[in-house]
Amino acid sequence: MLDSTAIKIEGICKAYKDTLALQDINLSIRQGEIFGLIGPDGAGKTSLFRILTTLTLADKGRASVNGRDVVEDMADIRRTIGYMPGHFALYQDLSVEENLNFYATVFGTTVEANYATIKDIYCQIEKFKDRRARDLSGGMKQKLALCCALVHKPEVLFLDEPTTGVDAVSRREFWAMLARIKESGVTIMVSTPYMDEARLCDRIGLILGGRIIDKGTPEEIISRYPDRLYAVRDENMFRILAALRPVEGVLRCSSFGCECHLALAEGGPSGEEILSVLSAAGIEGCSIEKIRPGIEDCFIRLS
Amino acid sequence: MVNTGEKTVVIRNLVKKFGDFTAVDNISFDVSKGEIFGFLGANGAGKTTAMRILCCLSHPTSGEGTVAGLDILTEQEKIKKRIGYMSQKFSLYPDLKVWENIELFGGIYGLTDKQIAQKTESMLKALSMENTRDMFVRDMPLGWKQKLAFSIAMVHDPQIVFLDEPTGGVDPVTRRNFWELIYEAASKGVTVFVTTHYMDEAEYCDRVSVMVDGRIEALGSPAELKKQYNASDMDGVFTKIAGRAERE
């Protein structure tokens, strides 16, 4: 099954009343990879997940998960995938252990039978196994939800925004867990609004307004970035944004932490010329250097 | 512009306990007028609990302080009139029109009908929304909603505005535009108290505090903290500090 397709999405469209949530989505996700669907709230990420997990029907198009059609083979798909929705969906009144046993039973298996699959994550919450789910901290709830999504040893794991609202350190730990799950051979499709998580995926799709605006490996997407990109540093970000935006040949000018990323058109001003423009505006002491774009630069260009 | 002589927030030895759990463990800090103050910390570090006390939605177990020059222990109702609040999750009523949202919040903050009418006009003009006053908020693009929510949080000209993860899940362009609004408000003398999980946004704050296990572990300008923790960016600073957390 090596290198074959795990998820195939062809021409999927979905509308809610007048809102086009998904417009002609075409994606192919390979066996054993981590595929990231990256985009902001309202881009259509959850709609696509709900179609692939057979919870809602597309208006147009076809999709399959490991060769099973999302309409024809709905029951088979449900047995062989794990799905962690964006909101906490476990039973708040059941304990950690009861939730886990419940989900194992629903899938006709036992926690013991697939313990190896969840061991790595479960051992971190095992000491709270008698605690009710509602009394767990956010981080522990997330680990429990992941265990419940894995307890039947799914072939494909769907994670809808597992790191939204999660702090930077916990996000890193979560991605380390995903890397280990991938090692065990599970295909993972994960959505996120955080552009910096792109580099942790094998391949990604950038989604905005119901459309895939680019797809490929993070490297491929970055290599397609056409403009010259510079980082300008100054102690006052907002004054350089205001000074550079009106300059001819400046395509985009966006704050990136302590730097301003400046996209310059081919044939536009050079880095040196930008410094002179700033100097003429009374802004001295900035530095400028040519940089490689990141996924967030690519997303901003495409949006 | 930051005026370090005038303090909008002064907090001393603030403690909040829930049973035997100490959510906020003896924190002290000041925020100056016109300052953008980033309030960072891992999930569960105690940020929300501390912020609820500053917004007068909760009483501390011990400690004292002032917000907008008023006592957080004895003048809670007065403080509420001088502060603004906005979060990504709850800000506006989607089933009300733009002007109805302005009227509702103006009314809640005790503005007179005349003041509300004036505010509505000036706000719609500043936002270039004169032609969309009758639009339902649910039908507006996210970027517009954010701008409107931020303006409404300041409908009563508060001295300080609390922003609780205002940019969570927002696209990169809208997120950046929003920070330019924050900067503009601060430059007019409004104090901005903001939480975020985006570490690039921490760089835009005048000063940042990082909470770990209920305590403020670090406090300073982004440049100072990067130097102190020998990190190239705030993500590095945050990882070094918050990575030491023991409780979950």
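Starting from 1, residues in each chain are numbered consecutively following that chain's sequence as written. Chain letters and ligand numbers both follow the written order, the letters beginning at A and the numbers at 1. Owing to the predicted nature of the model, reporting of local features is limited to residues with pLDDT of at least 70; listing and counting of side-chain atom pairs is limited to 80 or more, with chain, interface and lining totals taken over all residues. The basis for the side-chain values is all heavy atoms of the structure; hydrogens and waters are excluded.

(A) Spatial organisation of the overall build of chain A. Broken down by element type, chain A carries ten helices and 14 strands. Viewed in the frame of its principal axes, chain A has a C-alpha envelope of about 70 × 45 × 40 Å. Remark: exposure states derive from per-residue accessible area (1.4 Å probe, protein chains only) relative to the maximum for the residue type, with buried under 20%, exposed over 50%, and partly exposed in between. Residues classed as buried in chain A amount to 53% of the 303 residues present. Any two residues whose heavy atoms approach within 4.5 Å are treated as being in contact. Relative to all contacts within chain A whose residues are 6 or more apart in sequence, the contacts with residues 24 or more apart total 69%. For chain A, the exposed area adds up to about 13,700 Å²; of that, 49% sits on carbon and sulfur atoms. When charges are counted, neither His nor the chain ends are considered; positive counts come from Lys and Arg and negative counts from Asp and Glu. Where a charge sits is defined by one atom per residue type, namely NZ (Lys), CZ (Arg), CG (Asp) or CD (Glu). Computing the positive centroid from 37 side-chain charges and the negative centroid from 43, chain A places the two 3 Å apart. Per the convention used, a helix needs a DSSP run of H or I reaching at least four residues, while a strand needs a run of E reaching at least two, with both numbered from the N terminus. Each accessible area value is a Shrake-Rupley result obtained with a 1.4 Å probe; residue values ignore everything except the protein chains displayed when judging cover.

(B) Looking closely at helix α4 (residues 113-126) of chain B. Residues and elements named next belong to chain B. A helix is expected to span 1.5 Å for every residue after the first. Taking 1.5 Å as the rise per residue, α4 with 14 residues should run 20 Å; its terminal C-alpha atoms sit 20 Å apart, in good agreement. Along α4, the residues classified as buried are I116, T120, M123 and L124. Buried residues of α4, seen end-on, are gathered within an arc of 95 degrees and therefore sit on one face of the element. What points out from α4, more than 90 degrees from its buried face, is the exposed set K114, Q118, K125 and A126. Buried residues in α4 make contact with α3 (98-108) and α5 (142-153). Two residues or fewer past α4, S128 is found with a positive phi of approximately 55 degrees. The arc in question is formed by the directions pointing from the helix axis toward the C-beta atoms.

(C) Local environment of the state of the cysteines. Residues and elements named next belong to chain A. Criterion for a disulfide: a pair of cysteine sulfur atoms within 2.5 Å. Overall, the coordinates contain zero disulfides over all chains when judged by the stated rule. In this structure C201 is a free cysteine whose sulfur lies 14 Å from that of C298, the closest cysteine sulfur available. Given a relative accessible area of 6%, C201 falls into the buried group.

(D) Representation of unusual backbone geometry in the model. Phi is positive for T54(A), which is not a glycine, with a value near 65 degrees. Checked against the element boundaries, T54(A) lands in the loop between α1 (45-52) and β4 (60-65). Look at N26(B): it is not a glycine, yet its phi comes out positive at around 60 degrees. Here N26(B) is to be found in strand β2 (residues 21-33). Looking at N26(B), the relative accessible area reads 42%, which means it is partly exposed.

(E) Just the pattern of salt bridges, in detail. In what follows, salt bridge is the name for a side-chain nitrogen of Lys or Arg lying within 4 Å of a carboxyl oxygen of Asp or Glu. Taken as a whole, this structure holds 34 salt bridges over all chains when the rule is applied. A salt bridge links D227(A) to R252(A); the nearest nitrogen and oxygen atoms lie 2.4 Å apart. With D227(A) in the loop between α7 (218-223) and β11 (228-233) and R252(A) in strand β12 (residues 250-256), this pair connects stretches of sequence that are 25 residues apart. Shared partners join several salt bridges into a network, and the residues in it are E296(A), R175(B), R176(B), D200(B) and E201(B).

(F) Expanded view of the packing of helix α10 (residues 295-302) of chain A against helix α6 (residues 172-187) of chain B. To obtain each axis, a line is fitted to C-alpha atoms, and for helices this fit is confined to the stretch in contact; angles are then taken between N-to-C directions over 0 to 180 degrees. At a minimum axis separation of 9 Å, α10(A) and α6(B) run at an interaxial angle of 90 degrees. By the angle between their axes, α10(A) is roughly perpendicular relative to α6(B). In contact with E296(A), F299(A) and I300(A) of α10(A), α6(B) contributes P172(B), V173(B), R175(B) and R176(B). An angle below 35 degrees is read as roughly parallel, one above 145 as roughly antiparallel, one from 65 to 115 as roughly perpendicular, and any other as oblique.

(G) Expanded view of the domain arrangement of chain A. Residues and elements named next belong to chain A. Segmenting chain A into domains produces domain 1 (5-219) and domain 2 (225-302). Domain extents, as shown, originate in an automatic or database domain assignment. Computed over C-alpha atoms, the centres of domain 1 and domain 2 are 37 Å apart. Taken together, the contact pairs 13 residues of domain 1 with five residues of domain 2. A 1.4 Å probe defines the accessible area here, and the buried area is the portion of it lost by two parts on being joined, summed over both. Counting the surface lost from both domain 1 and domain 2, the interface buries some 730 Å², and carbon and sulfur atoms represent 79% of this. The largest contributions to the domain 1 side of the interface with domain 2 come from M195, L206 and I213, which together make up 60% of the buried area. Taken together, the links from domain 1 to domain 2 amount to one salt bridge. The partner of R292 in a salt bridge is E219, and the shortest N-O contact between them spans 3.1 Å. Side-chain atoms alone can form a polar contact between residues adjacent in sequence; in general such a contact is a pair of N or O atoms within 3.5 Å, and within protein one must be able to donate a hydrogen while the other accepts it. Taken together, the links from domain 1 to domain 2 amount to one residue pair in polar contact (both at pLDDT 80 or more).

(H) Expanded view of the packing of helix α6 (residues 168-183) of chain A against helix α9 (residues 234-242) of chain B. Taken N-terminus to C-terminus, the directions of α6(A) and α9(B) make an angle of 85 degrees; their axes are 9 Å apart at the nearest point. Accordingly, the angle class assigned to the pair α6(A) and α9(B) is roughly perpendicular. Counted together, A168(A), V169(A) and R172(A) of α6(A) and D235(B), F238(B), T239(B) and A242(B) of α9(B) form the full contact between these two elements. Under the scheme applied here, ten amino acids are nonpolar (Ala, Val, Leu, Ile, Met, Phe, Trp, Tyr, Cys and Pro), four are charged (Asp, Glu, Lys and Arg), and all others, including Gly, are polar. Its residues placed into classes, the contact of α6(A) with α9(B) shows four nonpolar, one polar and two charged.

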